[in-house]
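# What the coordinates show
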There are 2 protein chains.
Amino acid sequence: MPPRTYHHPDTDEIAIARVLFALSEPLRLNMVRMLAEQGETDSIDLGPDLPRSTLTHHTSLLRESGVVFVRAEGRKCMIQLRDEDLEQRFPGLLDTVLTGYESADDDHSEADA
Amino acid sequence: MPPRTYHHPDTDEIAIARVLFALSEPLRLNMVRMLAEQGETDSIDLGPDLPRSTLTHHTSLLRESGVVFVRAEGRKCMIQLRDEDLEQRFPGLLDTVLTGYESADDDHSEADA
DNA sequence: TTAATCGTGCGACTATTTTCGAACAGTATG
DNA sequence: CATACTGTTCGAAAATAGTCGCACGATTAA
């Protein structure tokens, strides 16, 4: 029996409105930022203080909107940013959002001014 | 006495999450697309079939999130995209979103058919 | 002035989203 | 095997967002 399988939208099925909505939630935007910095990340590291069901809710929403790829690893769950797919579908979007997030939010080091 | 005044956030107060949320709504995203194409537009042209109160709701949300500039013109209300401010705040964001919207959604408003 | 038009604010309602506890199933460890 | 740990699902609750009728003030035109 397959352990856990996840459905992911094809790259050309990713809808801009759903991506924007997924990224408009501060919690999820922060998860995406972490994924962009760290690469594939254990799901629990994306929200150590959140109830598990809440974490599942947000990771599922990110997955269904095409922002992340989810992979079962033993009993854990590894999350990857679909940066290449997003770059192909909406060139520049991810970089722009993350750059804007860094500059907009609190004092994340602005070394390269 | 000024007829109608509107509050607009300063450019450096525009928050990425709020902008993304504003653009994640299909109705508002379409308004923004029209504004990008047509420039300053009479508010009623952005949603001729919508109830006025609904239209006000969406234009206010776009204004408060820093996406548009609203100006009273007689009894009408002219809407401008804050494209320069957005470009300064989040370089590339607007172009990327609109380009992604065009490519993703082929069913543009059929008003100009 | 009178009438028509426009946008706004209010209030109520519906729909969607978020949160999270509890029970459950799969996995690793002993 | 039993136990501890993981993520998922379900259900319900709360919070948020969208829709829209209506009354009102302001503006324009006759």
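The sections below set out a description of the structure shown in this document. In this text the structure is predicted, and so the values were computed from the model without any measurement.

## What about the pairing of strand β3 (residues 76-81) of chain A?
Looking along a regular strand, one sees side chains alternate from face to face of the sheet. All names here are of chain A. Pairing analysis gives two bridges linking strand β1 (residues 41-42) to β3, with the strands arranged antiparallel. In the strand pairing of β3, T41 is matched with I79. The pairing of strand β2 (residues 68-73) with β3 spans six bridges and is classified as antiparallel. Paired with V68 across the two strands is L81, which belongs to β3. Here β2 folds back onto β3 in antiparallel fashion, the turn holding two residues, of which G74 has a positive phi close to 60 degrees.

## Things to note about the pattern of salt bridges
A full pass over the atoms with the stated rule returns 12 salt bridges over all chains. Salt-bridge contacts for A:R63 lead to A:E64; the nearest nitrogen and oxygen are separated by 3.7 Å. You can call A:R63 buried: its relative accessible area is 10%. What makes A:E64 partly exposed here is its relative accessible area of 40%. With a closest N to O distance of 2.9 Å, B:R71 and B:E40 form a salt bridge. Highlighted residues: B:R71 in strand β2 (residues 68-73) and B:E40 in the loop between α2 (26-38) and β1 (41-42), separated in sequence by 31 residues. Residue B:E40 is classed as partly exposed on the basis of its relative accessible area of 33%. Via salt bridges that share partners, A:E40, A:R71 and A:E73 belong to a single interconnected network.

## Topic: the relation of the copies chain A and chain B
Each copy superposes on the other: chain A lies on chain B with an RMSD of 0.0 Å after a rotation of 180 degrees and an axial shift of 0.0 Å. Look at the turn and shift together and you get a two-fold axis relating the two. Residue by residue, 100% of the interface of chain A is reproduced at the interface of chain B, so both copies engage with the same surface.

## Looking at the interface of chain A and chain B
The interface of chain A with chain B comprises 18 residues on the first partner and 18 residues on the second. Carbon and sulfur atoms make up 75% of the area that chain A and chain B hide from each other, which totals about 1,400 Å². Run the count over chain A and chain B and you get zero salt bridges. Put simply, the parts of the chain that give the side of chain A that touches chain B at least two residues each are α1 (16-23) and α6 (93-104) of chain A. When residues in the side of chain A that touches chain B are grouped by element, the largest group, seven residues, is from α6(A). Residues of the side of chain A that touches chain B, tallied by class, amount to 12 nonpolar, five polar and one charged.

## Thoughts on the environment of A:L55
Residue and element names in this part refer to chain A. Structurally, L55 can be placed in helix α4 (residues 52-64). C-alpha separation for the pair L55 and L27, spaced 28 residues apart in sequence, amounts to 9.7 Å. When residues no more than four places from it in sequence are discounted, the contact partners of L55 are M31, S43, I44 and G47.

## What about the protein's contact with DNA strand D?
Inspection of the region around DNA strand D gives 23 residues, with A:R4, A:Y6, A:S43, B:R28 and B:H58 positioned closest. At the protein interface, 71% of the atoms of DNA strand D within 4 Å belong to sugar or phosphate. Side-chain polar atom of B:E25 to a phosphate oxygen of DNA strand D: 3.3 Å apart, as the coordinates give it. Note that a base oxygen of DNA strand D is positioned 3.4 Å from one of the side-chain N or O atoms of B:R75. Contributions of two or more residues to the surface near DNA strand D are made by α3 (43-46), α4 and β3 of chain A together with α4 (52-64) of chain B. Tallying contributions element by element places α4(B) first for the surface near DNA strand D, with five residues. Taken together, the residues that form the surface near DNA strand D break down as seven nonpolar, eight polar and eight charged.

## Focus on the sheet that holds β2(B)
All names here are of chain B. Pairing is antiparallel across the open sheet formed by three strands, whose spatial order is β1-β3-β2. With partners counted over all chains shown, the strands left at the sheet margins are β1 and β2, one partner each. Strands β1, β2 and β3 (76-81) of the sheet are contacted by α2, whose axis makes an angle of about 85 degrees with β3.

Definitions and cut-offs
- Residues numbered from 1 in each chain as written.
- Chains lettered and ligands numbered in written order.
- Predicted model: local features only at pLDDT ≥ 70, side-chain atom pairs only at ≥ 80, totals over all residues.
- Heavy atoms only, no water.
- Pairing = 2+ DSSP bridges.
- Helix = DSSP H or I, 4+ residues; strand = E, 2+ residues; numbered from the N terminus.
- Salt bridge = Lys/Arg side-chain N within 4 Å of Asp/Glu carboxyl O.
- Buried < 20%, exposed > 50% of the residue type's maximum accessible area, 1.4 Å probe, protein only.
- Least-squares fit on C-alpha atoms with pLDDT ≥ 70 in both.
- Contact = heavy atoms within 4.5 Å.
- Buried area = accessible area lost by both parts, 1.4 Å probe.
- Nonpolar A, V, L, I, M, F, W, Y, C, P; charged D, E, K, R; others polar.
- Near = heavy atom within 4 Å.
- Polar contact = N/O pair within 3.5 Å; in protein donor to acceptor, adjacent residues only side chain to side chain.
- Axes fitted to C-alpha atoms, helices over the stretch in contact; angles between N-to-C directions.

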